[in-house]
Each structure stands twice: as C-alpha cells, then as structure tokens.
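Structural overview for review
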Amino acid sequence: MATNSTNFYDLYRHGSLGSTLTDALDDLIGAERIDPQLAMKVLTQFDRIVAEALSEKVKARLTFKGSLDTYRFCDEVWTFLIKNVTFKMDNGAHTVVAEKVKIVSCSAKRADDK
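Residues numbered from 1 in each chain as written. Predicted model: local features only at pLDDT ≥ 70, side-chain atom pairs only at ≥ 80, totals over all residues. Heavy atoms only, no water.

This is how it is decided: UniProt positions are given in the numbering used here, feature names are shortened, and annotations may be inferred rather than shown by experiment.
Going by what an unreviewed UniProt entry lists, the chain is known as Transcription initiation factor IIA subunit 2 and is assigned to Rhypophila decipiens. If you open the UniProt record of the chain and go to Subcellular location (unreviewed entry), you find "Nucleus". The Sequence similarities (unreviewed entry) comment attached to the chain in UniProt states, word for word, "Belongs to the TFIIA subunit 2 family."

Quick look at the structure:
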C-alpha cells in the first residue's frame, strides 16, 4: 500500500474521467467554493487511487501486434506509436483492431523517488 509521501504519475488525469474531474474542480475554484490547494490534493488522491486500483484489481492480460511507427525515450518515459494494431484478450474471445495506438510506459519507480 502506498504512503502519502509516494508520488504517482498524473497520466490518468488526461483520460475522460481525469479531465472531467479537473473541469469540475476548476468550476469549484472559479466559484470560490474550494481553494486551489484542495483541488491539488484531490488530484493527487485521484492519481494514487487510479494507480493502486489498476495494479491491484485489473487481472486481464492481452497481446497486441502491429507496425512500430515511432518510439521515443525521454525522462524515463517510453512512448510508442503503433499502426495497424490487433489486440487479443488472454482468453482469445475478443479481438480489437485499431489504425493507430499510442502507448506511454513509465517506470514503476519515479525518477524523483530514487
């Protein structure tokens, strides 16, 4: 279990749930119903909870195959752009095809935690 001093990546803030949360917090700050410091605490908690939930509760696995278009490694973060991707669930029941996929991969330990 993570402690309060552990830092988490803010990757999930850019998804639909994180964006909606950020918009709602911005509205509350604009209406002077909460302080910006409280909004940052909420977002930090969101980062922690999402990271913990994904690591503890998601057990499904998948494989994917495609053509690597671009890759980059910067600040301990890998980014892969893949074209014509086929995803297969571990049970083989579901297959999903996508024209383009962007995968961002971060180390389990952040650079500032070392």
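So, next bit.
1. Some points on the packing of helix 1 (residues 16–30) against helix 2 (residues 36–57)
This is how the line gets drawn: Fitted lines through C-alpha atoms give the axes, limited to the stretch in contact for helices. The angle between two N-to-C directions lies from 0 to 180 degrees. Counting from the N terminus, the helices are the DSSP runs of H or I reaching at least four residues and the strands are the DSSP runs of E reaching at least two. Orientation labels follow simple angle bins: below 35 degrees gives roughly parallel, above 145 gives roughly antiparallel, 65 to 115 gives roughly perpendicular, and whatever is left gives oblique. Working rule for handedness: look at the near helix, and if it is turned counterclockwise from the far one by less than a right angle, call the crossing left-handed; if clockwise, right-handed. In this description, contact between two residues means that some pair of their heavy atoms is separated by no more than 4.5 Å.
At a minimum axis distance of 10 Å, the contact between helix 1 and helix 2 shows a crossing angle of 165°. With respect to their mutual orientation, helix 1 and helix 2 come out roughly antiparallel. Read as a crossing pair, helix 1 and helix 2 show a hand that is right-handed. Within the contact between the two elements, helix 1 uses Leu17, Gly18, Leu21, Thr22, Leu25 and Ile29 and helix 2 uses Pro36, Ala39, Val42, Leu43 and Phe46.

2. A word on the side chain of Arg13
The condition that has to hold: The buried label goes to any residue with under 20% of its type's maximum accessible area, the exposed label to any with over 50%, and the partly exposed label to all in between, with areas taken from a 1.4 Å probe on protein chains only. Under this definition, polar contacts are N or O atom pairs within 3.5 Å; protein pairs additionally need one hydrogen-donor-capable and one acceptor-capable atom, and for neighbouring residues in sequence, both atoms have to be side-chain atoms.
Assignment of secondary structure puts Arg13 in the segment before helix 1. Among the residues examined, Arg13 registers a relative accessible area of 16% and is labelled buried. Within the structure, the side chain of Arg13 is placed 2.5 Å from the side chain of Asp47, a separation counted as a polar contact. If we skip the residues at most four places from it in the chain, Arg13 touches Gly18, Ser19, Met40, Leu43, Thr44, Phe46 and Asp47.

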